[in-house]
Amino acid sequence: MTRYLRLIRLFTGATLAAQLEYRANFLGAILASLAESGVALLGIAVLFGQPGTTEVGGWSFHQALLVVGLFTLTEGFISVFIQPNMSKIAEAVRTGSMDFTLLKPIDAQFNISTRNLNVLRVTDLLIGAGLTIYAASHLSVTPGGVLAAALLYVCALVIVYCIWLALSTTAFWFVKTQNASELFNGVFGAARFPVTAFPVPVRAFLTFVVPVAFITTVPAQALTGSLSPGLVVASPLVAAALFTLTRLFWLRAVGSYTSASS
Amino acid sequence: MTSLWRKARVLFITRFAEMTEYRAEVVIWMLSGTLSLVMMLVWMSQAAAAPGGEIRGYNPSEFATYFLSTWAVGQLMVVWVAWELDMEIRQGTLSPKLLRPMDPMWLHYAAHFAERVVRFPALLALVALFAWVAGARFSTDPAAYLAAFGLALLGFSARFLWEYTIGLLAFWTESSTSFQEVVWLVYAALGGMFAPLAFYPEWVQRVAVWTPFPYMLGLPAQLLAGKATLADAGRGALVLLFWLVAFWVLRLTVWRVGLRKYGAVGA
């Protein structure tokens, strides 16, 4: 365990050193982060800007803002921790450099999941955290609610990681996986809004088919104290099930890997 | 003239052959641009829950019509040239293209145009499917479709030129593609992708009418929904033409200045 923690520290140091060489890119990353959170904020601002509108899907403005904050935070998590790693899997399979990863005396899934970071997009994390805290400060929040929300949000991050890993693992059979993650990004865009803001059939799709509801709506509900007990249990169960399944899927993919030349 | 026509034809045919290779991807790209569709679902359920079943005179079916129309028009408006220029300039693959007796811009323009032809049948099928599911009803006036199509063509050309200019910024900076994201946000907001323009605060509307954005996205969508007149379309076309000229001059200036800088790097 300590070995893996030490490795994470080493990986982080190496990737930081490589990225900070391009200092000019910081401005660009900040602009992009601002634009992305701008999209999410404008979406709810126009909705609540209509005369007579006090709630969307039963959520007040600050409650909906909480969802936007968690959405931005999750986008940041994806662009800092997940995407830089997952986008390299397809390339490694195609060029055969996956061989080196598999030969190393550490778990290959751990290695490909933690090797790279995109520190430039840390701004997303900061904006997301800021929005979440700002929104929560306008709501009555209990310590128990914060704890529950934090735990459920960890489950949410596990779910996001598993979906990305599963999509990227298909690279062992298909050459390109970028399109699959693009498609997930499209569906994930719906997480800007509380899931109750959608018509009922779509809500079911966002809960049971692509579990987007568990990523932003459920932790926000825990924070506002409006969470049904069923969902408290469902979220960790979904996360655990997805983690086990993607782990099995990954092992199977590695088992069928025959390098680039054969 | 005939030689120009022949050039254009060859450009189109070669790019079309290239783009048909990507036909499966084209459908995925179409489905991943979901902002209009997400906004449509949220507004529809807002209207259904509102007293009287409508917001500012839009009932759920009218919201479906408007947002499906912006989705369709937005699909005709997709431009990725900034990414390609960014890569070509950084990796130097722009150099061989400079040897040809033609501005490399036309290669990109033809590629985008050919992709639109590949995209169109799939677009019609998807719009028909979504319209049937969401209960959208489009205009029955053929003139409205022609006008919307004309505006979309002008709007696409304007967007192509400004994206091209942003892509050219790669001569100076490494983060040209993030400028593109910021400009996209302005385009989506003022174009009416979040809501019809009349839903915005009045000062935003007053600013928006001077920009090209409402006429390339919101106006064609309103024409398809039967909520705008041909006179509106004419006025919009004039504004777009003005911007088209402005972006053309801007693009040409940035290209000439940038090329001098590019030569200096290579030499």
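Residues numbered from 1 in each chain as written. Chains lettered and ligands numbered in written order. Predicted model: local features only at pLDDT ≥ 70, side-chain atom pairs only at ≥ 80, totals over all residues. Heavy atoms only, no water.

### Comments concerning the overall build of chain A
Consideration 1: Across its full length, chain A carries 11 helices and 0 strands.
Consideration 2: Start at the N end of chain A and walk to the C end: the helices and strands fall as α-α-α-α-α-α-α-α-α-α-α.
Consideration 3: Here the C-alpha atoms of chain A give a radius of gyration of 19 Å, agreeing with the 18 Å that 2.2 N^0.38 yields for 262 residues.
Consideration 4: Principal-axis analysis of the C-alpha atoms places the extent of chain A at approximately 65 × 45 × 35 Å.
Consideration 5: In chain A, buried positions account for 49% of the 262 residues.
Consideration 6: The average position of the 14 basic charges and that of the 9 acidic charges among the side chains of chain A differ by 8 Å. (Helix = DSSP H or I, 4+ residues; strand = E, 2+ residues; numbered from the N terminus. Rg over C-alpha atoms; globule rule 2.2 N^0.38 Å. Buried < 20%, exposed > 50% of the residue type's maximum accessible area, 1.4 Å probe, protein only. Lys, Arg positive; Asp, Glu negative; His and termini not counted. Charge placed at Lys NZ, Arg CZ, Asp CG, Glu CD.)

### Concerning the packing of helix H8 (residues 178-188) of chain A against helix H2 (residues 23-32) of chain B
Consideration 1: Interhelical geometry of H8 of chain A versus H2 of chain B gives an angle of 20° and a closest axis separation of 8 Å. The orientation of H8 of chain A with respect to H2 of chain B, classified from their angle, is roughly parallel. Of the two elements, H8 of chain A crosses H2 of chain B, and the hand of that crossing is left-handed. Residues Asn179, Glu182, Leu183 and Gly186 of chain A of H8 of chain A touch H2 of chain B, and the partners they reach there are Glu25, Ile28, Trp29, Leu31 and Ser32 of chain B.
Consideration 2: When grouped by side-chain class, the residues that make up the contact of H8 of chain A with H2 of chain B number 4 nonpolar, 3 polar and 2 charged. (Axes fitted to C-alpha atoms, helices over the stretch in contact; angles between N-to-C directions. Parallel < 35°, antiparallel > 145°, perpendicular 65-115°, else oblique. Left-handed = near helix turned anticlockwise from the far one by under 90°. Contact = heavy atoms within 4.5 Å. Nonpolar A, V, L, I, M, F, W, Y, C, P; charged D, E, K, R; others polar.)

### Some details on the environment of Phe160 of chain B
Residue and element names in this part refer to chain B.
Consideration 1: Structurally, Phe160 can be placed in helix H8 (residues 142-168).
Consideration 2: Through-space distance from the C-alpha of Phe160 to that of His112 is 8.8 Å; in sequence the pair is 48 residues apart.
Consideration 3: In contact with Phe160, other than residues within four places in its own chain, are Val79, Val81, Met105, His108, Tyr109 and His112.

### Thoughts on the UniProt feature "transmembrane region" (unreviewed entry) in chain B
All names here are of chain B.
Consideration 1: According to UniProt, the positions carrying the feature "transmembrane region" (unreviewed entry) are residues 26-43, 63-83, 117-136, 143-162, 182-200 and 237-254.
Consideration 2: Within residues 117-136, the helical portion is 90% and the strand portion 0%, while the C-alpha atoms at the span's ends are 24 Å from each other.
Consideration 3: Structurally, residues 237-254 comprises 100% helix and 0% strand, and the distance from its first C-alpha atom to its last is 25 Å. (UniProt positions renumbered as here; feature names shortened; annotations may be inferred.)

### Remarks on the interface of chain A and chain B
Consideration 1: With 34 residues of chain A at the interface, the matching set in chain B holds 30 residues.
Consideration 2: A buried area of about 2,600 Å², summed over both sides, lies between chain A and chain B, and 70% of it is on carbon and sulfur atoms.
Consideration 3: Inspection of the region where chain A meets chain B yields 0 salt bridges.
Consideration 4: Here chain A and chain B share 5 residue pairs in polar contact (both at pLDDT 80 or more) between them.
Consideration 5: Listing elements by their share of the side of chain A that touches chain B, those giving two or more residues are helix H2 (25-48) and H8 of chain A.
Consideration 6: If you tally residues by element for the side of chain A that touches chain B, the top one is H2 of chain A, at 13 residues.
Consideration 7: The class makeup of the residues in the side of chain A that touches chain B is 19 nonpolar, 10 polar and 5 charged. (Buried area = accessible area lost by both parts, 1.4 Å probe. Salt bridge = Lys/Arg side-chain N within 4 Å of Asp/Glu carboxyl O. Polar contact = N/O pair within 3.5 Å; in protein donor to acceptor, adjacent residues only side chain to side chain.)

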